[in-house]
Amino acid sequence: MKKSLVLMVSLLVVLLLSVTGCSSAQKDKAAPSADKQLKIGIVQIVEHPSLNTIREACVAQLAKDGFKDGENIVIDYQNAQGDQTNLKTICQKFANNKYDMIIAIATPSAQAAIGETSTIPVVFSACTDPVGSGLVTNLEKPGKNVTGTSDAVSAEKIMELAKRITPDIKTIGALYSSSETNSISVVNNLKEYAKKNGMTVVEATITNSSEAQQAASSLAGKVDAMFSPIDNTVASAMPIVAQVANKAKIPYYVGADSMVKDGGLATFGINYTVLGQETANMAAEILNGKKPGDIAVKTMTDIDIYINQATADAIGVKIPDDVKKEAKQIFTK
Ligand code: TRP
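The rules behind the values
Residues numbered from 1 in each chain as written. Predicted model: local features only at pLDDT ≥ 70, side-chain atom pairs only at ≥ 80, totals over all residues. Heavy atoms only, no water. Helix = DSSP H or I, 4+ residues; strand = E, 2+ residues; numbered from the N terminus. Buried < 20%, exposed > 50% of the residue type's maximum accessible area, 1.4 Å probe, protein only. Polar contact = N/O pair within 3.5 Å; in protein donor to acceptor, adjacent residues only side chain to side chain. Contact = heavy atoms within 4.5 Å. Near = heavy atom within 4 Å. Areas by Shrake-Rupley, 256 points an atom, 1.4 Å probe, with all protein chains shown as cover. 1 Å grid on protein atoms, 1.4 Å probe; cavity = no way out; pocket = protein on both sides within 12 Å on 5 of 7 lines; lining within 4 Å. Sits in = over half its atoms within 2 Å of the grid points. Nonpolar A, V, L, I, M, F, W, Y, C, P; charged D, E, K, R; others polar. Domains from an automatic or database assignment.

## A look at the side chain of Ser-183
Position of Ser-183 among the secondary structure elements: in helix H6 (residues 181-196). Note on Ser-183: relative accessible area 0%, which makes it buried. Here the side chain of Ser-183 touches Asp-231 through a polar contact of 2.7 Å, side chain to side chain. Residues within four places of Ser-183 in sequence aside, it is in contact with Tyr-176, Ser-177, Pro-229, Ile-230 and Asp-231.

## Details of the site of the ligand
In the vicinity of the ligand, 19 residues are found, and the nearest of them are Thr-107, Ala-126, Thr-128, Asp-151 and Asn-232. Between the ligand and Ala-126, the relevant distance is 2.8 Å, taken from a nitrogen atom to a main-chain nitrogen or oxygen of the residue. In this structure, Asn-182 approaches the ligand through a side-chain N or O atom, which is 3.4 Å from an oxygen atom. If the ligand stood free it would expose 360 Å²; the protein chains cover 100% of that surface. Judged by its atoms lying within 2 Å of the grid points, the ligand is housed in the largest cavity. Those elements that place two or more of their residues in the shell around the ligand are helix H2 (49-64), helix H4 (107-116) and helix H8 (232-235). Here the shell around the ligand gets 3 residues from one element, more than from any other, and that element is H2. Across the shell around the ligand, the residue classes break down as 11 nonpolar, 6 polar and 2 charged. Both domains that meet at the shell around the ligand, namely domain 1 (38-152 + 271-299) and domain 2 (155-269 + 303-331), each give it at least three residues.

Such coordinate-based values are descriptive only and should not be taken to indicate function.
This is how it looks when you write it as structure tokens:
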């Protein structure tokens, strides 16, 4: 009886010890990885389909590269809703809280991020003109704490496509945001092209998306075609702007596939899913120890034709068969 009591007590002690031992071992294991969670701020200027595609592709690829949200990294995603003041507040918060990295989607976000920190790595995404926008001085060797991806496509390329679809363009209306440096350089390129090819550019600039409809209407009736670069402000008002152009039966050439999907007629554009993935790969290299300034800015070189057939039908334009054959995607609504 005594013996069995001693046995029971000692068994209980062993059991208790093993339970507490086990749980403290688990805590020991969990604690360091929680400490090591890297904080990544993602800042996006505005909500539009292309930027959302980029962000989703980037986060998915980061996970594939070994950086999973909620495990070894914590992602704090903030959208500025098209407001510069919000951009500043968001980036200030990222900097003050000493985040380990800022991923900035689109040019205005990147400009805000580099304005707040010169030490935290900033990986910009889809910035059309990183040098002209003051993000880096050298694409090959950016230096400092900044690098990223660019979606630069020349206006000339898009206009060559425009000429194949609607050869009789003499006047072209450029609708863009005067505060987006990413758009200004492309419109300058458009003006050069027009000059060389005996065309006239009529400009309509906006400062926020609520002005887009009226600006588009001001061009209708004055021009043979419309053009918008890869402009965030226009892209976020795209369905309305396209409606104006299509009602006036004006072919509207744009800078990105999403803008064609949203009602523009055609573009020569890059693949933003791939761009998002490339942004993540650069971010992963930096999280693994590389210096941002040592990584060259990556410009996407594969460009494809995107057409909106519903728009073509609505404005009575026939897309030549050879253009259709070359197109990567033809949207039908
Ligand atoms: N290139 C734009 C910039 O530099 C961002 C962007 C990416 C964009 N995809 C787009 C803008 C599609 C309009 C439409 O800010």
